Amino acid sequence: MSINRARIRDKVIQMVLAIDTTPKMKTPKHIEEKLTLYREIIANSKDAIAIFDTQGYYIEQNWAHRNLLGYTDEELRGKTPAIHIGGDFCAFFLQELEKQGSYCGEFICLTKSGEQLHIEFSSFAVRNDEGQTVCYFGIKRDITERKRIEASLRQSEVRNHALLGAIPDLMFCIAKDGTLIDCKANREDLVYAHPSQFLGKKVQEVLPERLSQQIMHYLEQALQTKTIQIFEYQLAIAGMERHYEARLVVSGEEEVVSIVRDITQRKQTELELRQAKEAAEAASDSKTEFLANMSHELRTPLNAILGLSQLLDQQIFGSLNAKQKEYVNYIHSSGQHLLSLINDILDLSKVEAGKEELMLMPISVRELCDSCLSLVREGAFTKGLQLTSQIDPQVDICVADERRVKQMLLNLLSNAIKFTVAGKVELIVRKTPGAITFTVADTGIGIAPENLRLLFQPFCQLDSDLKWQCEGSGLGLVLTRKLARLHGGDVTVRSTFGQGSEFTLFLPDSEGAIVSGAGVFPVVERSLHSPAQPRPQVTDSRHLNSHTRKVASDKMRVLIVEDDRRIASVLQNYLQAIGYHVKHLANGLDFLGEVQTFKPDLILLDLQLPEGPIGLNLLATLRQEPDLQNLPIVILTASESDRELCLAAGANDYFTKPIGIAQIESILMRYLKY
């Protein structure tokens, strides 16, 4: 008996050949019988196997070898492996076979079609009883894909190594018990100690007690929750207190990777920003206080100037000549201008300081517009301008601070009249989705495109022929936009140079709200029901209260079948709060049994359930029970398109998620009788 072994990728392939040892003459027939036995073995092997004679010529190949290289038996017969591995290498491995009796290695092989394959090769000599080589066996395995993966992994490793090297963060691998397994640092002076001093030790042995406890706490949290844990800490490095941010990422069942970033500079910047903010706020407060004090000091003499100039203009204490009357008018108009400037500065200061409080209330839009137009009509008439208005009939009430809205509209109207030489100024009010717009359009000088960005800059007046003819501080538009945004709206502008401008004030449409001393409360509760089937709306709180009291005594039952616990929780909590007995099922398992046990008066049934039958199947099952055919069932669905399907299946009604309180009340009023 002879035993031959070959090793491929740590797998030992053993071939056993039993030979009659009775002394007799060895003949070619005996050798042929031996080869026949080998042929039977290799014919059924999945590895590519070939037999060579002692000169290296192919004798036989199995089907796997044929499929691997693409050569037929006839094409290989009389050929050596040199046809696909090259003559030099073929001579080398045949020489090794002859000397060593076996050979294992890897080489690149060409198939018949010219494709290059990476081959793992193992071969050995088959000898007779006298130790003479009869033939050679070669076992080949295609490792092309393995080589490709290995190359890809090497490339990936190089890339990852480069990426890690480029990351300035420190990285530590920490075991579950706190042992520091590995460390990556671009510079040794960035770490608390040299890696040789802490690798293999526990964080409790290396770091201060408080920090090590903090790290272990977040390490346990990371392993338990499988989520990233982020925390900050301070640690003295080279005698300097530094700030760090650590992120613990689970990298296995028993360890985490800690990515540590030095945020000392960021903390310093944040501190400087906070200090700068506090200084700016203090300066702003000082400015506001100064302006408030100065406004009082300025208003006191202004009151006298304006009042006395008006008295003089009335000529109560004697007649004025034309020049005196002209001077008195100059004094009064200058005083008004100064007062307007003071008011604008104070208002802007309050808004910027966040101290402006809006007094929201319902305002009649028509009355508001008429009031503003009446105040600017004289100025428009004096310049020969046409002043008109268009108010959308759908616009009746807006909720805003009346004084501030009037101030904004007057600013826009006054500017339009100021910069319009001829033509008209128009106030247009429209209702748009979610907003009411007030547009002031004029046929004035317009604004050049490059100047549009300067419009809302404080104390900025655009260059024009009218600049020196018109009074103004450059604060009106700035204040108007800030007040609009304080309302939750905005001011936009469209303009064509030489043709005119349109300034539009957007205010949120709060038609469905009233304002009381406690804030804003809805007065109209819009139903979210499908328009296909109008349902009663619940808009009267007294009715809701009486409903609650009635239910509390009857304890009617509602079964909720809903897999989303958030939706179910909302429904369950609300229904229980108003006195219903509620049960929740997260799936349709044993649905019928639960219904028969709980005996609900109403079922809220989700259309799609993760476990068990879907909603429609549960509905069909329920409707087959004679005593449950009239039980109200409302389907909860995520799509309006399911309506007909739900109703056809026997549902009493359906609602599209998310479902609101008004919808819940509508269901209760419609299907639960009390």
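Residues numbered from 1 in each chain as written. Predicted model: local features only at pLDDT ≥ 70, side-chain atom pairs only at ≥ 80, totals over all residues. Heavy atoms only, no water.

Quick word on the nonpolar core
Link 1 in the chain: In terms of nonpolar packing, the biggest core is built from 43 residues, with Leu 427, Val 429, Phe 438 and Leu 505 touching the most fellow members.
Link 2 in the chain: If one sorts the elements of this core by residue count, helix 13 (residues 402-418) sits on top with eight residues.
Link 3 in the chain: For Leu 505, the residues in contact, after removing those within four places along its chain, are Met 408, Leu 409, Leu 412, Ile 436, Thr 437, Phe 438, Ala 484, Asp 490 and Val 491.
Link 4 in the chain: Among the nonpolar cores identified, the runner-up in size contains 26 residues, and Val 191, Phe 198, Leu 207 and Ala 246 belong to it. (Core = buried A, V, L, I, M, F, W, Y, C linked by side-chain atoms within 4.5 Å. Buried < 20%, exposed > 50% of the residue type's maximum accessible area, 1.4 Å probe, protein only. Helix = DSSP H or I, 4+ residues; strand = E, 2+ residues; numbered from the N terminus. Contact = heavy atoms within 4.5 Å.)

Things to note about the pattern of salt bridges
Link 1 in the chain: What the rule picks out here adds up to 27 salt bridges.
Link 2 in the chain: The partner of Lys 323 in a salt bridge is Glu 326, and the shortest N-O contact between them spans 3.5 Å. Taken together, the residues Lys 323 and Glu 326, both in helix 11 (residues 322-352) and three residues apart, mark about one turn of the helix.
Link 3 in the chain: Accessibility expressed as a relative area gives 44% for Lys 323, which makes it partly exposed.
Link 4 in the chain: A salt bridge links Lys 424 to Glu 426, with the shortest nitrogen-to-oxygen separation between them at 3.8 Å.
Link 5 in the chain: The class for Lys 424 is partly exposed, based on a relative accessible area of 33%.
Link 6 in the chain: When its relative accessible area of 10% is taken as the criterion, Glu 426 is described as buried.
Link 7 in the chain: Within this structure, Glu 232, Glu 245, Arg 247, Arg 266, Lys 267 and Glu 270 form a network of salt bridges that share partners. (Salt bridge = Lys/Arg side-chain N within 4 Å of Asp/Glu carboxyl O.)

Some thoughts on the side chain of His 584
Link 1 in the chain: The residue His 584 is located in strand 23 (residues 581-585) in this model.
Link 2 in the chain: Separated by 2.7 Å, the side chain of His 584 and the backbone oxygen of Glu 562 make a polar contact.
Link 3 in the chain: Setting aside residues up to four positions removed in sequence, His 584 forms contacts with Ile 560, Glu 562, Arg 565, Ala 568 and Gln 572. (Polar contact = N/O pair within 3.5 Å; in protein donor to acceptor, adjacent residues only side chain to side chain.)

Quick notes on the sheet that holds strand 16 (residues 424-432)
Link 1 in the chain: Taken in spatial order, the five strands line up as 14-16-17-19-18 in an open sheet, and their pairing is mixed. Both outer strands of the open sheet, strand 14 (386-391) and strand 18 (490-496), are each paired with one neighbouring strand and no more. Strand-to-strand, the axes of this sheet are offset by a mean angle of 15°, without reference to chain direction.
Link 2 in the chain: Sitting on the sheet, helix 12 (residues 365-382) is in contact with strand 14, strand 16 and strand 17 (435-442), with an inclination near 170° to strand 14.
Link 3 in the chain: Across the sheet, helix 14 (residues 476-486) lies against strand 18 and strand 19 (500-508), angled at about 135° from strand 18, the strand it touches most. (Pairing = 2+ DSSP bridges. Axes fitted to C-alpha atoms, helices over the stretch in contact; angles between N-to-C directions.)

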